[in-house]
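What follows is each chain in one-letter form.
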Amino acid sequence: MFKIKKIETFIIQVPLHVPLKMSGVSIEHCDNMVVKVSADNGMVGWGEAPYAPFFNGEITRGMIAVVDFMKERLIDVEVKNIDEIKDILAVTIYGNSGAKSAIDMALHDLSGKILNKPLYDILGGSKREKVPMIWLVAGGEDEFKLLKERIDLGFVSFKLKVGTNEVKKDIERAYEAQKILDHNYTLSADANQGFNREDALTFSSKTGDIGLDFFEQPVNGKDIDSMIECNVKSYAPIGVDEGIHNIDDIKKHHDLKAANGGSLKMIKFGGVSQLFEAANLMHSLGMHINLAGKAANTSIGSAAIAHFTRSLPSLDWDASLSSQYLADDIVYDPVQVSEGHIITPEDGPGLGIVIDQEKFKKYTVSAK
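The structure reproduced in this document is the subject of the present report. (Residues numbered from 1 in each chain as written. Predicted model: local features only at pLDDT ≥ 70, side-chain atom pairs only at ≥ 80, totals over all residues. Heavy atoms only, no water.)

**Examining the overall build of the protein**
The condition is simple: We count a stretch as a helix when DSSP gives it H or I for four or more residues in a row; a strand needs E for two or more, and each element gets its number in order from the N terminus. Atoms considered for the radius of gyration are the C-alpha atoms alone. The globule rule reads 2.2 Å times the number of residues to the power 0.38. With a 1.4 Å probe rolled over the protein chains alone, any residue whose accessible area is under 20% of its type maximum counts as buried; one over 50% counts as exposed, and the rest are partly exposed. Pairs of residues are marked as contacts when any of their non-hydrogen atoms sit within 4.5 Å. To measure how exposed things are, a 1.4 Å probe is used in the Shrake-Rupley method; for residues, cover is taken only from the protein chains shown. Charge counting follows a simple rule: Lys and Arg are positive, Asp and Glu are negative, and His as well as the terminal groups are ignored. Charge coordinates come from a single atom per side chain, which is NZ of Lys, CZ of Arg, CG of Asp or CD of Glu.
Per the secondary structure count, the protein includes 14 helices and 17 strands. Relative to the compact-globule value of 21 Å for 368 residues, the protein shows a C-alpha radius of gyration of 20 Å, a close match. The principal-axis extent of the C-alpha atoms belonging to the protein is close to 60 × 40 × 40 Å. By residue count, 57% of the 368 residues in the protein fall in the buried class. Counting only contacts in the protein whose residues sit at least 6 apart along the sequence, the fraction spanning at least 24 positions is 72%. Accessible surface computed for the protein: about 15,100 Å², of which carbon and sulfur atoms make up 48%. For the protein, the distance from the average site of its 40 positive side-chain charges to the average site of its 52 negative ones is 2 Å.

**A word on the packing of aromatic side chains**
For any pair of aromatic rings, the description rests on two quantities: the centre-to-centre distance and the angle between the ring planes. Heads up, the condition is: Within 6.5 Å between ring centres, the rings of Phe, Tyr and Trp (the latter by its six-membered ring) count as paired, and their orientation is classed by plane angle as stacked under 30 degrees, edge-to-face over 60, tilted in between. Definition used: whenever NZ (Lys) or CZ (Arg) falls within 6 Å of the ring centre and also within 35 degrees of the ring normal, the charge is taken to sit over that ring.
Taken as a whole and assessed by the stated rule, the structure comprises 10 aromatic pairs. Measuring from centroid to centroid gives 4.5 Å for Trp135 and Tyr325, while their planes differ by 40°, and the two rings are tilted. Pair noted here: Trp135 is in strand S7 (residues 134-137) and Tyr325 is in the loop between strand S14 (319-320) and strand S15 (336-338), with a separation of 190 residues, a long-range link. An identical accessibility class is assigned to Trp135 and Tyr325; each is buried. Ring pairing ties together the aromatic residues Phe10, Trp46 and Phe360, which thus form one cluster. Here the basic side chain of Arg150 rests over the ring of Trp135, its NZ or CZ set 4.0 Å away from the ring centre. Positioned above the aromatic ring of Tyr120, the side-chain terminus of Arg310 is 4.2 Å from the ring centre.

**Re unusual backbone geometry**
Despite not being glycine, Asp76 has its phi angle at roughly 75°, a positive value. Examined against the element boundaries, Asp76 turns out to sit in the loop between helix H1 (60-74) and strand S6 (78-79). With a phi close to 55°, Asn96 is a non-glycine residue in the positive phi region. Checked against the element boundaries, Asn96 lands in the loop between helix H2 (85-90) and helix H3 (97-115). Residue Asn96 is classed as partly exposed on the basis of its relative accessible area of 25%.

**Looking at the environment of Gly211**
Examined against the element boundaries, Gly211 turns out to sit in the loop between helix H8 (207-210) and strand S10 (215-216). With 73 residues separating them in the primary sequence, Gly211 and Ala138 have C-alpha atoms 18 Å apart.

**Let's talk about H3**
What counts is decided by this rule: By this rule, a helix spans an expected 1.5 Å times one less than how many residues it contains.
Spanning 19 residues, H3 covers 26 Å between terminal C-alpha atoms, matching the ideal 27 Å at 1.5 Å per step. Counting buried residues in H3 gives 17 out of 19 residues, a clear majority hidden from the surface. In the segment just after H3, Asn116 is the residue with positive phi, at about 60°.

What follows is the structure, given as structure tokens:
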């Protein structure tokens, strides 16, 4: 299809409307590596990977250093079909799934443009027209005001970020959120590894009374024993996020009954093919699937997520689209959410987004 002729990296920082509070961190702006891959035919593809040291151990400037290393092994390499992308990137460096995922995304964007097809089409076609976007209830004085506003806008799926307070307070917040929702909408909770074993079990014991649809990553991703105990204690299904980074992790959580479902992110698995391999396995095992972007993608990463929502084998735990929390974006037509459902960009091939060069320049910061 094309040869890789040039790879460029940028750091993009766009402010959020309001800070997002999660376990151990408060996010006020995105801090993402954006990759631009140019082909020998003049076309370009875009990819993105966010700062995520607690997910994959990678920070933005570190990913740029990794891509600089990978360049020498990628320039002038021919990509004959999309099935080769995974193997082309695999041999360039060990690990570094975030950095690889950004290049992988850009190469898939390029492939779609060359084939003149939207990304979801080259990934097997559309299996559903739309998927609910999960709105994060993530702390702050206005968290329930924002929740009510999103209900009025037609949102139907919500996730409460817990593990940032004493467990008693998080339980009270969960009851308050469900009081507003009145069991008419999907409500889950995500601790992002923030609870110790005792507090995780305490919260798990309340999931039935609260009326949660699932409870995600209550303890450290490596603490399988506590995940198993939480799954026994919890009425709501337990989901795994930080605890899965590959196929073996998924099998372990399933076989040990440590989780009933999980959250898939490209930055954990390293690429589109790996993410779909994980989704197909989870689907075959009867596990619930959630799709997410790390807080906070621009519409580059969110466009990829939007396309994945159309083509994954199943997606019953909905999807998180983190560009919705940004105060601005770097594309002309940001990925949209209509009545609480994600709208896949379809005006152009590949990811279907066009970079706004003025805003791109405005939010680019030095890598030094």
